[in-house]
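# Remarks on the overall topology
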Amino acid sequence: MTLSDIEAQARTLGGYDDASRLRQVHDRDWVLDRVPGEPGVLVDLGSGIGQLLQEALERHPSLRLAVGLERSEHRIAEAGERLRPYGDRVVLRQADLTAPAALPYRADVVTMTSVLHWLYPVEHRVLAWVRDHLAPGGSFLLTTYHPARDEHGLGGEDDIVREALTALGVARESVPALLAGHEVLPIATRTRSESELAELLSEFFTIDDWWEREAVVTVRDAAQYEHFHAATFGDYYASVLEPEKRAEFFAAVGRAAWERQSRQGRVSAMPVRLWRLGARERRGLG
Ligand SMILES: C[S@@+](CC[C@H](N)C(=O)[O-])C[C@H]1O[C@@H](n2cnc3c(N)ncnc32)[C@H](O)[C@@H]1O
């Protein structure tokens, strides 16, 4: 079967440079403004298309190594193009952060923006990895998103998806079961609450500081949100439908978002937290 353009975009998570302007890219300067001193090694986890690494290299001539770990081969390829001018100051590796392999570096700074929810429920693995890869006195700068969730654990993007599925004829009350039946965990469940996360982070780190902002998404039309969804969530949600309905699903997501904006002046708003963390001593080692 030939894929429609939007399905092809979702499959490769394409168009992220454009789409991320709506939400994720705002984390980049927010985080980099808090990088102390003159770091020599920075590691970005879930480095996407390399936007944060590029800005870090521009800001910090002191960086002799900027390392990106990322699961998507398409994104690594795009990051490779973007970061080519920085030569051997850059290392990009394909990696699954739910089972991260050790690296021969100690980082002055580790960053991870808009990624942690994808690692649920085994975030402790990457957190232990970061603790073990921070140089003495190094910082872990992490952003986490916290949409409100309902009694089914749905919220944020799940709500827009629920509206889109309903418009396509799925009964509203059966959406939680439809997602669960395809092992699609609601994003609002994956994101955990701030207090739950604080407890988890405290097992590995000292929480040295945190800041919060509201991420507000507005779009110029339905198509813009359709592309944002495909670039950000790929076919994560679309996979609950038969292949022949997926193109229509993306269009319905765009329409649902646009209707929300017409009703409430914005598609969505949710708190984002930036944590500055320092490594704790490993416990229980002789
Ligand atoms: C919303 S994007 C954020 C990208 C970038 N950090 C930013 O702030 O724009 C989430 C990224 O995490 C990556 N990702 C998701 N699960 C992953 C995993 N298990 N291992 C490595 N990367 C993963 C995705 O491929 C994607 O590039």
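Residues numbered from 1 in each chain as written. Predicted model: local features only at pLDDT ≥ 70, side-chain atom pairs only at ≥ 80, totals over all residues. Heavy atoms only, no water.

## So, unusual backbone geometry
Of all residues except glycine, most have a negative phi; of all peptide bonds, most are trans. Counted only if it meets this: Secondary structure follows DSSP: runs of H or I at least 4 residues long count as helices, runs of E at least 2 residues long count as strands, and numbering of each begins at the N terminus. Each residue gets one of three labels from its accessible area relative to the maximum for its type: buried under 20%, exposed over 50%, partly exposed in between, using a 1.4 Å probe on protein chains only.
The amide bond that connects Tyr120 to the next residue, Pro121, takes the cis arrangement and shows omega of 5°. In this structure, Ser114 is a non-glycine residue whose phi angle is positive, near 60°. Residue position: Ser114 is located in the loop between β4 (107-113) and α6 (123-133). A positive phi angle, close to 55°, is found at Glu183, a residue other than glycine. With respect to the helices and strands, the residue Glu183 is situated in the loop between α8 (175-181) and α9 (187-190). Looking at Glu183, the relative accessible area reads 73%, which means it is exposed.

## Remarks on helix α7 (residues 157-167)
Listed as buried for α7 are Glu157, Asp158, Ile160, Val161, Arg162, Ala164 and Leu165. Directly after α7, the chain includes Gly169, whose backbone phi takes a positive value near 105°.

## Quick notes on the pattern of salt bridges
Here is the rule: The rule for a salt bridge is simple: a side-chain nitrogen of Lys or Arg has to be within 4 Å of a carboxyl oxygen of Asp or Glu.
The full count for this structure, using the stated rule, is 18 salt bridges. Residue Asp29 pairs with Arg28 through a salt bridge whose shortest N-O separation is 3.9 Å. With a relative accessible area of 24%, Arg28 lands in the partly exposed category. Note that Asp29 is salt-bridged to Arg59, the shortest N-O span being 3.1 Å. Here Asp29, found in helix α3 (residues 26-32), pairs with Arg59, found in helix α4 (residues 51-59); they are 30 residues apart in sequence, far enough to count as distant. We classify Asp29 as partly exposed; its relative accessible area is 30%. What you see here is one network of salt bridges that share partners, running through Arg28, Asp29, Asp33, Glu55 and Arg59.

## Structural notes on the site of the ligand
To keep it simple, the criterion reads: Nearness of a residue to a molecule or strand requires only that one of the residue's heavy atoms be within 4 Å of it. N or O atoms closer than or at 3.5 Å make up a polar contact, with two conditions inside protein: a donor-capable atom paired with an acceptor-capable one, and, for residues adjacent in sequence, both atoms drawn from side chains. Here the accessible surface of atoms and residues is derived via Shrake-Rupley with a 1.4 Å probe, and residues count as covered only by protein chains that are part of the display. We call Asp, Glu, Lys and Arg charged. Ala, Val, Leu, Ile, Met, Phe, Trp, Tyr, Cys and Pro are nonpolar, and the rest, Gly among them, are polar.
Residues in close proximity to the ligand total 18 residues, the closest being Tyr16, Gly46, Glu70, Leu97 and Thr113. Within the contact set of the ligand, a nitrogen atom lies 3.4 Å away from a backbone nitrogen or oxygen of Ala95. Its free accessible area being 590 Å², the ligand has 95% of it covered by the protein chains. Broken down by class, the residue content of the shell around the ligand amounts to six nonpolar, eight polar and four charged.

## Section: the side chain of His117
Keep this limit in mind: For this analysis, residues touch if any pair of their heavy atoms sits within 4.5 Å.
Looking at the secondary structure, you find His117 in the loop between β4 and α6. Overall, His117 belongs to the buried group, its relative accessible area being 12%. Among all residues touching His117, those that are not within four sequence positions of it are Ile187, Arg190 and Thr191.

## Notes on the pairing of strand β3 (residues 90-94)
Defined as follows: In this scheme, strands are said to pair when DSSP sees at least two bridges between them. By convention, a crossover is right-handed whenever its connection, traced from the first strand over the helix to the second and viewed with the strands pointing away, goes clockwise.
Where strand β2 (residues 65-70) meets β3, five bridges bridge the pair, whose relative direction is parallel. Residue pairing for β3: Ala66 is matched across the bridge by Val90. In terms of handedness, the path from β2 via helix α5 (residues 73-83) over to β3 forms a crossover that is right-handed.

## Points about the packing of α7 against helix α12 (residues 246-264)
The line we're drawing: A fitted line through C-alpha atoms serves as each axis, taken over the contacting stretch for helices, and the angle formed by two N-to-C directions is quoted from 0 to 180°. Any angle from 65 to 115 degrees is called roughly perpendicular, while one under 35 is roughly parallel, one over 145 is roughly antiparallel, and all others are oblique. By convention, the crossing between two helices is left-handed when the near helix turns anticlockwise from the far helix through less than a right angle, and right-handed when the turn is clockwise.
With their axes 8 Å apart at the nearest point, α7 and α12 run at an angle of 110° to one another. Between α7 and α12, the interaxial angle falls into the category roughly perpendicular. For α7 against α12, the interelement crossing comes out right-handed. On α12, the residues that touch Glu157, Asp159, Ile160, Val161, Glu163, Ala164 and Leu165 of α7 are Phe249, Ala252, Val253, Ala256, Ala257, Arg260 and Arg263. For the contact of α7 with α12, a count of residues per class yields nine nonpolar, no polar and five charged.

## Digging into the pairing of β4
In terms of burial, β4 is largely enclosed, as six of its seven residues are buried. Here strand β1 (residues 41-45) pairs with β4 via three bridges, running parallel. Across the sheet, the residue bridging to Asp44 is Thr111, located in β4. In this sheet, strand β5 (residues 134-145) lies alongside β4 in parallel orientation, the contact comprising six bridges. Each residue of the ladder has a partner; that of Thr111, found in β5, is Leu141.

## Brief notes about the packing of aromatic side chains
Put simply, the rule is: Pairing of aromatic rings covers Phe, Tyr and Trp, the last through its six-membered ring, and needs centres within 6.5 Å; plane angles under 30 degrees mean stacked, over 60 mean edge-to-face, and all others mean tilted.
Counting across every chain of the model gives eight aromatic pairs. With centroids separated by 5.3 Å and ring planes inclined at 75°, the aromatic side chains of Tyr236 and Tyr237 adopt a geometry described as edge-to-face. Of the two residues, Tyr236 and Tyr237, neither departs from the other in class, the shared state being buried. Ring centres of Phe249 and Phe250 lie 5.7 Å apart, and the angle between their planes is 65°; on these two criteria the pair is classed as edge-to-face. The class for Phe249 is buried, based on a relative accessible area of 0%.

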